[in-house]
Structures are given as structure tokens and as C-alpha cells.
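Tertiary structure, described
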Amino acid sequence: MSQMQILNMKPQEMTGYSYLCNCGKTHSVDIKKIAVGKGTVNRVPELLEEYRDKKIIVVSDKNTWEIAGKKVCDILKESDFTQVSTYIAESEDYPIVVPDERVVARLLYETPNDTALLLAVGSGTINDLCKIVSYKMGIASATIGTAPSMDGYASPMSPLIVNNSKVTYLSHYPVAIVCDSEIMATAPKIMFQAGFGDIVGKYTALADWQLTVKMNGEYYCETTAELVRNAVNLCVENAEKYMAGDYDAIDTMNDALLLSGIAMGLVGISRPASGCEHHMAHFWELDALKKGIDHPLHGNSVGVGSIVACEAYKIMKERYEDVREIEVPDPDFIRDIYRKTGSALTPGEIGVPRDVFNDCINNAYRIRPRYTIFNYAKNAGFLPELANILTEVFYGK
């Protein structure tokens, strides 16, 4: 099949799709089934038919159990799935589930060796836990999304917190993904904003990818980048309807979130979806966890980080010729997009103190071995000054 076909396909049409790309690689989508739309949770028995007589563990947290976990169990049992059990994940030291070594180990311990499928009912954390544990056990996972809050549903990777650091591990694609807009419409507004922030953050992720191609000759796939770019633009066009809970707009966002995850799987790296805006988000999250305080949802931090990244590019373009040809939006364009969703526009609004922000600009590049605009500034000897300039932009003199 032609590589150009994928640019016009919805995620549901990409299952099992494979093509030889101009980048020189053969890309494949190894997800078997995807269902997006109102009422699709009722299709779970059909989508998981091959596991009807096998052991399934439905994994949720306390909130997602009430939102959809119990309903999923009832649907399966009513359809004669006889080996369905449940596991509700929790973190002893935090009010929410934190995907650290203890939580991963506990799920691994609680999963019998004869389990065939871990069925995640939740969003980012539950999804990542099930993918990594099922991958390590050599079994399958599937996902029922409960909020349009992040782009990891279709990603073959699992970001976890290990030794107080954010580390992304290779896991595998879920065999099936269900994004029911009727369920997701019940998610809090802040989770809608998180999903929007995670998607719009791709603008700067793609800019960092272009930058490292220019500076380091890193691998690049224009078709995959275009796939992500198209998804972002479509979400931006539907921002107001999405925040109003319109089912079609939620489906559009779910398509974009799934496409972002699929894009990472196509190229085998997170470059199409993650750059310095994610490094900042991870830095702020880890700082809060170390202090035992609440932190924003990942996508909300990514949204603010994308504004910071655009400001950084604007400053660097005035000083360094290498950066001038990189495609990145003006920061005010990004601010206008986020205003449509009522999202935070500054790090202070999401609880990041001035000193932590300055420290973040100087050190967030250490979070991942991935070249970004901050690595460029460091190599140019400009990073401390850039940190001070950005601190004044967002916090005043």
C-alpha cells in the first residue's frame, strides 16, 4: 500500500497496516482492533472474542473502576466471559496512582502466570502499567480509555518513574483500544485540557526533531511528521466544540491522540510526539513528587511547556542562524490556541515556583538523552542566560 494513504486514514483503518516509506523503513501498525465513538464500550466482547475462554484481569484505579471498570466487567460476564477478575491499583504514599517500581511490581505479583490479557480501564498511568507488565510477562494487553487526556493509548512505550526519574521503557501495542466518547465526556474539564495540551505540544516536539536532524543528522520521517501535524491542526480547529463536550469533537481528539501514539510506533522513537516541552513537564512532575506535593496532569504541563519552548525558539532565532529555519509557531499563536480551552498560559498558573522554573530550564535537558533547543543553547554556552530571560518573560523582573 502507498505511504500517502496513511495521511488520510483514521486510526481504526490503520490496524495491521504496513507500508514501505520514503524514509527507507517499512512501517507497521501492530494493533489488531481500534474502536472510537459513542457506545463503543459495548463492543468489548466482540473485540476480545479470542480471549473469551481465557483469564482476563480488568485493571483500574478507584476512580476509573466507578467510571467504567464495573461496567466493562458486567458487559464481559453477560457475554459469557467466565474468567474475568479485577485489580484496583493504588499508591500508598499518594492520592493518585504513581507508576513507580512499587506499583509495577505489585501488579506483576498480582497477575497469575496463566493470565492471557490485562485489560486496562483508565488513562495514562493504568494504560502504561498494563502495557509494561503484560510485555514483561509475554501476554497481551488491551485498553478502555476513560479520558482524552494523553497520547499514550496507542503507543508501544511506557513512561514510568524509576529511582525518582522519568524513564520511558519499550513495551508493546495493546491488541485492542476502545475510546468511547460517551464515557470520556464525563471526564473533568482539566483532563480535556490535558489532552489538548499534549496534542498541541507536538508543534514544538516536531521543531526539536527538525533541529536535531539539522545539527546531528538524526533519523527523520516526513510522512510520520505530517501525520502528526495534520492531527494537531484538526484538533485546533475543533477546540471549542471539544471543550463543550461535543461527541464528534471528542472523537476527533481521540483520533489525534491515537495517531500520535501510532506515530511513535511507526518510527520506533518518541520524536514525533515528545520534545523539550515534555522534558519540562517531567521535571516539574518529579520535583513535585520529591516534595510530596500535588503536580499538574502531564498534558497540562506539556501545554505550558510548549509555550515556553516557543519563547525559547523565538529568543534563539534572534541569535543563532542554525535555528532560524526551524518551523515553530510564534508563542502568541500558541497562547491564543490555549485561550480557547481556558488552559493555563504560564508555569506559575500550574504551581511551578520561579526558582524551580529557572532550575528546569538549566537542567531539564538531563531528563532524557534527546537533543532539543535547550541542548543547543547549552552547547552554545547560552543556556544560563536563556534561563534568566525566560524566567523574566514568565515571572517578571
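These remarks concern the structure in this document. Within each chain, residues carry numbers counting from 1 in the order of the written sequence. Where totals are concerned, whole chains, interfaces and linings use all residues; where local detail is concerned, this predicted model gives features only for residues with pLDDT of at least 70, and gives and counts side-chain atom pairs only at 80 or more. As a rule here, side-chain values cover all heavy atoms of the structure and leave hydrogens and water aside.

This part takes up the pattern of salt bridges. Each reported salt bridge corresponds to a side-chain nitrogen of Lys or Arg within 4 Å of a carboxyl oxygen of Asp or Glu. Inspection of the entire model under this criterion finds 22 salt bridges. Put simply, Glu90 and Lys62 hold a salt bridge, and the shortest N to O gap is 3.5 Å. With Glu90 in the loop between strand E5 (84–88) and helix H3 (101–110) and Lys62 in helix H2 (residues 62–78), the pair connects residues that are 28 residues apart, well separated along the chain. Exposed residues in this analysis have more than 50% of their type's maximum accessible area, buried residues have under 20%, and partly exposed residues fall in between, with area computed by a 1.4 Å probe over protein chains only. Taking the relative accessible area as the measure of exposure, Glu90 reaches 49% and is therefore partly exposed. Among the ionic pairs, Asp100 bridges to Arg102, the shortest N-O distance being 3.4 Å. Numbering of helices and strands runs from the N terminus, with a helix taken as a DSSP run of H or I at least four residues long and a strand as a DSSP run of E at least two residues long.

With that settled, consider the nonpolar core. Ranked by size, the top nonpolar core spans 96 residues in total, and within it Met280, Trp284, Ile373, Phe374, Leu386 and Leu390 carry the most contacts. Buried Ala, Val, Leu, Ile, Met, Phe, Trp, Tyr and Cys residues that are joined via side-chain atoms within 4.5 Å together make up what is termed a nonpolar core. Counting residues in each nonpolar core, the second largest holds 27 residues, with Val58, Ala68, Val72 and Ala142 among its members.

Now for the environment of Lys241. Relative to the helices and strands, Lys241 resides in helix H9 (residues 239–243). Lys241 sits in the exposed class, given a relative accessible area of 53%. Residues Lys241 and Thr341 lie 100 residues apart in sequence; the distance between their C-alpha atoms is 9.7 Å. Here, two residues are considered to be in contact whenever any of their heavy atoms come within 4.5 Å of each other. With residues up to four places along the chain from it excluded, the contact list for Lys241 reads Asp246 and Ala249.

So, about the state of the cysteines. Note on disulfides: each one is a pair of cysteine sulfur atoms within 2.5 Å. Applying the stated rule across the entire model yields zero disulfides. Unpaired in this structure, Cys21 has its nearest cysteine sulfur neighbour in Cys221, at a distance of 3.6 Å. Taking the relative accessible area as the measure of exposure, Cys21 reaches 5% and is therefore buried. Here Cys360 stays unpaired: no disulfide links it, and the sulfur of Cys276, its closest cysteine neighbor, is 9.4 Å away. With a relative accessible area of 0%, Cys360 lands in the buried category.

The next subject is the sheet that holds strand E3 (residues 33–36). Strand pairing requires that DSSP identify at least two bridges connecting the strands. One open sheet holds the six strands; their spatial order is E3-E10-E7-E6-E4-E5, and the pairing between them is parallel. The sheet terminates laterally at E3 and E5, the two strands that pair on one side only. Neighbouring strand axes in the sheet, compared pairwise and without regard to direction, differ in orientation by 15 degrees on average. Judged from the five bridges that link them, strand E4 (residues 55–60) and E5 form a sheet pairing that is parallel. Looking at the pairing, Ser60 lines up with Ile88 of E5. Fitting a line to C-alpha atoms yields each axis, with helices limited to the stretch in contact; the angle taken between N-to-C directions then spans 0 to 180 degrees. Strand contacts of H3: E4, E5 and strand E6 (115–122), with the helix running at about 160 degrees to E5, the strand carrying the most contacts.

Moving on, we get to the packing of helix H8 (residues 222–237) against helix H10 (residues 247–267). Taken N-terminus to C-terminus, the directions of H8 and H10 make an angle of 165 degrees; their axes are 9 Å apart at the nearest point. Taken as axis vectors, H8 and H10 run roughly antiparallel relative to one another. Once H8 is placed against H10, the crossing between them reads as left-handed. For the pair H8 and H10, the contacting residues are Thr224, Leu227, Val228, Ala231, Leu234 and Cys235 in the first and Thr252, Met253, Ala256, Leu259, Ala263, Leu266 and Val267 in the second. Note on angle classes: values under 35 degrees are labelled roughly parallel, values over 145 roughly antiparallel, values of 65 to 115 roughly perpendicular, and the remainder oblique. Less than a right angle of anticlockwise turn of the near helix away from the far helix marks a crossing as left-handed, whereas a clockwise turn marks it as right-handed.

Note that every value here comes from positions in space, so none of it alone points to a role or purpose.
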